[in-house]
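Coordinate analysis (summary)
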Amino acid sequence: MWTGVFPAVTTKFTADDRLDHAEMERCYSVQMEAGCDGIIVCGSLGEGPMLSPDEKIEVLKTAQKVAGKKPVLLTVNEPGTREAAVIARRAAKEGADGLMVVPSPIYHTNPEETVAALRAVAEAGDLPVMIYSNRLAYRVDVTVELMEELASDKRFVAIKESSDDIRRSTEIINRFGDRYDLFTGVDNLAFEALSVGAIGWVAGLVTAFPRETVAIYQLMRQGRREEALAIYRWFRPLLDLDVSTYLVQNIKLAEVLAIGTNDRVRMPRQPLSGERRKAVEKIVRDALAVRPKLPSLQTSPRSTDKLVAAE
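Described in the following lines is the structure provided in the data block. Remember, predicted model here, so these are calculated numbers, not experimental data.

Tallied over the entire structure, the rule returns 26 salt bridges. The partner of K12 in a salt bridge is E255, and the shortest N-O contact between them spans 2.7 Å. Taken together, the residues span a long stretch of sequence, with K12 in the loop between β1 (4–7) and α1 (21–33) and E255 in helix α11 (residues 247–259) at a distance of 243 residues. The exposure classification of K12 matches that of E255, with both residues buried. Put simply, D17, E55 and R266 are held in one network by salt bridges that share partners.

On to unusual backbone geometry, then. The peptide bond linking M267 to P268 adopts the cis configuration, its omega dihedral lying at 20°. Among the secondary structure elements, P268 is positioned in the loop between α11 and α12 (274–289). A positive phi is found at D17, a non-glycine position, where the angle reads about 70°. Relative to the helices and strands, D17 is located in the loop between β1 and α1.

A few words now on the packing of α11 against α12. Closest axis-to-axis distance for the α11/α12 pair is 10 Å, and the angle between their directions is 45°. Our classification of the angle between α11 and α12 gives oblique. In the crossing of α11 with α12, the sense of the turn from one axis to the other is right-handed. Taking contact as the criterion, the partners of N250, L253, A254 and L257 in α11 are, on α12, R277, V280, E281, V284, R285 and L288.

Take S169: it is sitting in helix α7 (residues 167–176). Take S169: its relative accessible area is 3%, and that puts it in the buried class.

Time to look at the sheet that holds β1. In a beta sheet, neighbouring strands pair by backbone hydrogen bonds and run either parallel or antiparallel. In space, the eight strands of this open sheet follow the order β1-β8-β7-β6-β5-β4-β3-β2, with parallel pairing throughout. Because the sheet does not close on itself, it has two edges, and the strands there are β1 and β2 (39–41). Between one strand axis and the next, the sheet turns by 25° as a mean value, whatever way the strands run. The pairing of strand β7 (residues 181–184) with strand β8 (residues 200–203) spans two bridges and is parallel. What sits directly across from T184, in β8, is W201.

Right, let's get into the pairing of strand β5 (residues 129–133). Of all five residues that make up β5, five are buried, and the element is covered over most of its length. What you see with β5 is no split at all: V129, I131 and S133 on one side and M130 and Y132 on the other are buried throughout. For the crossover that starts at strand β4 (residues 98–101), traverses helix α4 (residues 111–125) and ends in the parallel β5, the hand is right-handed. Of the strand pairs in this sheet, β5 and strand β6 (residues 156–161) are connected by five bridges, and their pairing is parallel. Each residue of the ladder has a partner; that of Y132, found in β6, is K160.

Reading the values: the criteria
- Residues numbered from 1 in each chain as written.
- Predicted model: local features only at pLDDT ≥ 70, side-chain atom pairs only at ≥ 80, totals over all residues.
- Heavy atoms only, no water.
- Salt bridge = Lys/Arg side-chain N within 4 Å of Asp/Glu carboxyl O.
- Helix = DSSP H or I, 4+ residues; strand = E, 2+ residues; numbered from the N terminus.
- Buried < 20%, exposed > 50% of the residue type's maximum accessible area, 1.4 Å probe, protein only.
- Axes fitted to C-alpha atoms, helices over the stretch in contact; angles between N-to-C directions.
- Parallel < 35°, antiparallel > 145°, perpendicular 65-115°, else oblique.
- Left-handed = near helix turned anticlockwise from the far one by under 90°.
- Contact = heavy atoms within 4.5 Å.
- Pairing = 2+ DSSP bridges.
- Right-handed = clockwise from strand over helix to strand, strands pointing away.

What follows is the structure, encoded as structure tokens:
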């Protein structure tokens, strides 16, 4: 159902902490113009846990306005399954193309609870679901065995694989073939995951560097591994900013320098300051100073085609 680069977009705020829809429209348009294949709103990078349910729906509508016919997914990351089901229903009513579901970000569910919660949200929304498997950030591991339990429900269509173990990608493919659309969710493992068969990338630094992200994906898709690797090696110091407690502040600061937006965040987060800000600015400025010239890309294959894995 889904392939390609799906930005986990940031949420933009005004100086008085309201949603800045005009700036979100501008920034999301940058993603679409670069050739991204969909949008995911209100995730970890989108500060979803800091948004009210009404605000989440507002952000969804803004993204839909920009994305046109491309899919827009709403992240479900509520602490309670009841609340998760409510927002899933609202997302369906507002025309979301799917849900990215985080299993219990507060209470660390056991395997039986994890499966039950995911099923409850899928049934409530009755939309295609991308399962967000991130055992490091959320302390709940959606294992291959749990994916097998969920495979009988056709609403579970994709996996955002963020276990930080590249072996998991191959395990998923070996067990399920193409039953699930496999997306990588760790920026600094993206090349490796695409090499072993992932067909999508839920990306973070793409919000600041969309054309480079799309180029890596498309080059891998076209079997042009060495060209993709050259860009990826340049990109790696930036991609490392995604794997941090401060990923939201890091990436919003990268957006400031790369696409001229702001780095306002919602408390308790605060924008980077002091030595930490200087360090991130240096990484971004150093990369901008040697930004690679991107190769010409062939006409993008149909989204239903398979990614060409590197040999």
